[in-house]
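If you want the building blocks of each chain, they are given just below.
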Amino acid sequence: QVQLVESGGGLVQAGGSLRLSCAASGSIFSINVMRWYRRAPGQQRELVAAFISGGSTNYADSVKGRFTISRENAKNMVHLHMNSLKPEDTAVYYCNGNFEITGSHRYLDVWGQGTLVTVSS
């Protein structure tokens, strides 16, 4: 059983910065990948960034160069540092992870509750 708790969302002016955090807890044996998704109102969910075991990262073209995903392995946390925010970044941001559960060889996909980021013009 794994739980994800997100924090850091809020209102920020265009050009500003914001850091989202996601803490994973539970019977975690290993973490395969942790990701940030976002969904603008009425829009499809979009993969924003991923941190893959081994340290590789992937970013959506729309955020590349502005957003950085990072891991704090000892705390089972992942962060999304967002710089040079634009109004089009406004969305609900979701933390997602794929976790191997202690005592098994199976991975579970787990989602956070979502946190709203609003970027004003």
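For the structure itself, look to the data block above.
Residues numbered from 1 in each chain as written. Predicted model: local features only at pLDDT ≥ 70, side-chain atom pairs only at ≥ 80, totals over all residues. Heavy atoms only, no water.

Q: Before we move on, can you summarise the overall build of the protein chain with the specific residues and values?
A: Within the protein chain one finds zero helices and 11 strands. Of the regular secondary structure in the protein chain, the N- to C-terminal order runs β-β-β-β-β-β-β-β-β-β-β. The C-alpha radius of gyration of the protein chain comes to 14 Å, within 12% of the 14 Å expected for a compact globule of 121 residues. Once the C-alpha set of the protein chain is aligned to its principal axes, its extents read approximately 50 × 25 × 25 Å. Relative to its 121 residues, the protein chain shows a buried fraction of 43%. A separation of at least 24 residues holds for 56% of the contacts in the protein chain among residues at least 6 apart in sequence. Total accessible area on the protein chain stands at roughly 6,400 Å², and carbon and sulfur atoms take up 47% of it. Across the protein chain, the 11 positively charged side chains and the 8 negatively charged ones have centroids separated by 1 Å. (Helix = DSSP H or I, 4+ residues; strand = E, 2+ residues; numbered from the N terminus. Rg over C-alpha atoms; globule rule 2.2 N^0.38 Å. Buried < 20%, exposed > 50% of the residue type's maximum accessible area, 1.4 Å probe, protein only. Contact = heavy atoms within 4.5 Å. Areas by Shrake-Rupley, 256 points an atom, 1.4 Å probe, with all protein chains shown as cover. Lys, Arg positive; Asp, Glu negative; His and termini not counted. Charge placed at Lys NZ, Arg CZ, Asp CG, Glu CD.)

Q: Lay out the state of the cysteines with the relevant residues and their values.
A: For the structure shown, the criterion picks out one disulfide. Residue pairing for C22: its cysteine sulfur links by disulfide to C95, the two sulfurs lying 2.1 Å apart. Taking the sign of the S-S torsion, about -80° here, the bridge from C22 to C95 comes out left-handed. Placement of C22 in strand β3 (residues 18–26) and of C95 in strand β9 (residues 91–101) is noted, with a sequence separation of 73 residues between them. (Disulfide = S-S within 2.5 Å.)

Q: Please set out the pattern of salt bridges residue by residue, giving values where relevant.
A: The full count for this structure, using the stated rule, is five salt bridges. When the shortest N-O distance is used, the salt bridge between E46 and R38 registers 3.0 Å. In this structure, D89 and R38 form a salt bridge, with 3.0 Å as the shortest nitrogen-oxygen distance. Separated by 51 residues along the polypeptide, D89 in the loop between β8 (77–82) and β9 and R38 in strand β4 (residues 28–39) bring together distant segments of the chain. Accessibility assignment for this pair places D89 and R38 in one class, buried. Within this structure, R38, E46, R66 and D89 form a network of salt bridges that share partners. (Salt bridge = Lys/Arg side-chain N within 4 Å of Asp/Glu carboxyl O.)

Q: An account of the environment of S53 is requested, with residue identities and associated values reported.
A: Note on placement: S53 falls in the loop between β5 (46–52) and β6 (57–59). Between the C-alpha atom of S53 and that of M34, which follows or precedes it by 19 residues, the distance is 8.6 Å. Excluding anything up to four places from it in sequence, S53 contacts I31 and N32.

Q: Before we move on, could you go through the sheet that holds strand β1 (residues 2–7) and cite the residues and values that matter?
A: Note: strands within a sheet are paired through backbone hydrogen bonds, in either parallel or antiparallel orientation. Across the sheet, which stays open at both edges, the four strands sit in the order β1-β3-β8-β7 with antiparallel pairing between neighbours. Of all the strands in the sheet, the pair left with one neighbour each is β1 and β7 (67–72). Going from strand to strand, the sheet's axes swing by 15° on average, the running direction of each strand aside. Across six bridges, β1 lies against β3 in antiparallel orientation. Looking at the pairing, V2 lines up with G26 of β3. (Pairing = 2+ DSSP bridges. Axes fitted to C-alpha atoms, helices over the stretch in contact; angles between N-to-C directions.)

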